[in-house]
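Each chain, written out:
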Amino acid sequence: MTDSSNFPVDRPTSLAAKCWLDDACIVDIDHFVKTLSGLKAKGVRPDLIGSIITHYACKWIPELSGEPPSPATIDHQSPPQSATASWLKKRFFIETIVSVLPPENDAAPCSFLLRLLKISHMVGVDSNYREELEKRVACRLDQATLKELMIPCFSHVKRTLLDVELMLRLVKRFVEMDLEGLRSGAGMFKVAKVVDAYLAEAAVDLELGLPEFMELAGAVPAVARATDDGLYRAIDTYLKTHMKMTKQERKILCKLIDSQKLSMEASLHAAQNERLPVRSVIQVLFSEQAKLHSHTDWSRSFNNSKSPILGLDPQEWCPSSRDILTLQQMEIKKLKENVTKLERQCHLMQMQIGKLSEKKKRFFSWRKLAMSTNLRGMSTDVGDEQGYDSCSIGKQTPLKGKQGRSKTPKTWRQSSS
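Please read all numbers here as calculations on a predicted model, not as lab measurements. (Residues numbered from 1 in each chain as written. Predicted model: local features only at pLDDT ≥ 70, side-chain atom pairs only at ≥ 80, totals over all residues. Heavy atoms only, no water.)

Chemist: Sorry if this is basic, but what is going on with helix H13 (residues 247-254) here?
Modeler: Note that an α-helix has 3.6 residues per turn; residues three or four places apart therefore point the same way. By the burial criterion, the buried members of H13 are Arg 250, Leu 253 and Cys 254. Projected down its long axis, H13 carries its buried residues within an arc of 90°, all on one side. (Buried < 20%, exposed > 50% of the residue type's maximum accessible area, 1.4 Å probe, protein only. Helix = DSSP H or I, 4+ residues; strand = E, 2+ residues; numbered from the N terminus. Arc of directions from axis to C-beta.)

Chemist: Please clarify how the pattern of salt bridges should be interpreted in this entry.
Modeler: A side chain with one charge can pair with a side chain of the opposite charge if their charged atoms come near. Within this structure, the stated rule accounts for 10 salt bridges. As a salt-bridge pair, Asp 47 and Arg 45 come within 3.3 Å of each other at their nearest N and O atoms. Residue classification places Asp 47 among the partly exposed residues on the basis of a relative accessible area of 36%. In this structure, the salt-bridge partner of Lys 158 is Glu 165, at a minimum N-O distance of 3.3 Å. The exposure class of Lys 158 is partly exposed, given its relative accessible area of 35%. Each of Lys 158, Glu 165 and Glu 212 takes part in salt bridges that share partners, so that together they form one network. (Salt bridge = Lys/Arg side-chain N within 4 Å of Asp/Glu carboxyl O.)

Chemist: Sorry, what's going on with the environment of Val 175 here?
Modeler: Take Val 175: it is sitting in helix H9 (residues 164-179). Taking the C-alpha atoms as reference points, Val 175 and Cys 139, 36 residues apart in sequence, are found 9.6 Å from one another. Those residues in contact with Val 175 that sit more than four places away from it in its chain are Met 188, Ala 219 and Pro 221. (Contact = heavy atoms within 4.5 Å.)

Next comes the structure, spelled out in structure tokens:
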């Protein structure tokens, strides 16, 4: 192993991690910790130290790289170890790695921290080290993906497939940091989207209780969800899996959905969803009706109709499923008819504009032709009436104008002489 004083500080991170880290360093972890201490004392950047730790940890535990171990990384000459010895070795190594991580939260990648957290839960690392890892992951939860967050539950008490309690702790920590201004507001929208996708995957587990599902869904603020389509998908999956839920539990669960944030596709699905309570379906329909009325001009005539159902308050009547579907189909049909009328009117207007332009072109062309014909006729008439003497024989000379006057003297002067 090379001396830490000759460490190339200004080189790229990946190259710096590989140029000095040899196989001899992998064996002696105490020597590695001493070397990191020397690098920190010399003022090496935290991100560079984090890259070195990441590369070193992936050498020790290939699962931390996120890729399946290649045949070159498997040591066939070393004798096989028992499961207990392997677990103890991994536990000691992870605790050591966590203890030497730089205090900066962005020193190590979020994906590496999540894989480290997953293995720490698997091998039973001390709670203090796991809490430190959870704090680091929670600070950068907006950079995590769904696949990385699907950590299995290794507890013997909980029977769920995924560690929902771990996900809940991470989300709560991130929300607290966001409320305190330690995180940007844009990250909350990403976390809300990932949480909804996580709930949809965890909802297929029969062992997942309703309180845990609702607590995780409610951990994200309502303002962080631009649309509730993802949450509706997760709730619908939970209702489909847990068929033995009571009506009261279904009502409580569906209160998490804001019907005004559902898209048209989600609203149409919810209107025909038999798993939802009737009251939730009615709220979705009236929310969709309000959207249609706010964007169309035919809402006034539609509200003034003599239907006894539309004249009642939504809290005072409970229509059947057939009435609900009829109401929704009427609204959609009305909207389509208005769109068709507008398209026809636009088409007729375009045709009229085209006809007017053609008439205008024809009018100007006939006007030019008529003007040229009149001018020719006028020139001919003037020449016949004023320009020539019709009684003369032979060559005709002009009679009017200075240049057209005859030089022959008049006959009465000759007779007088």
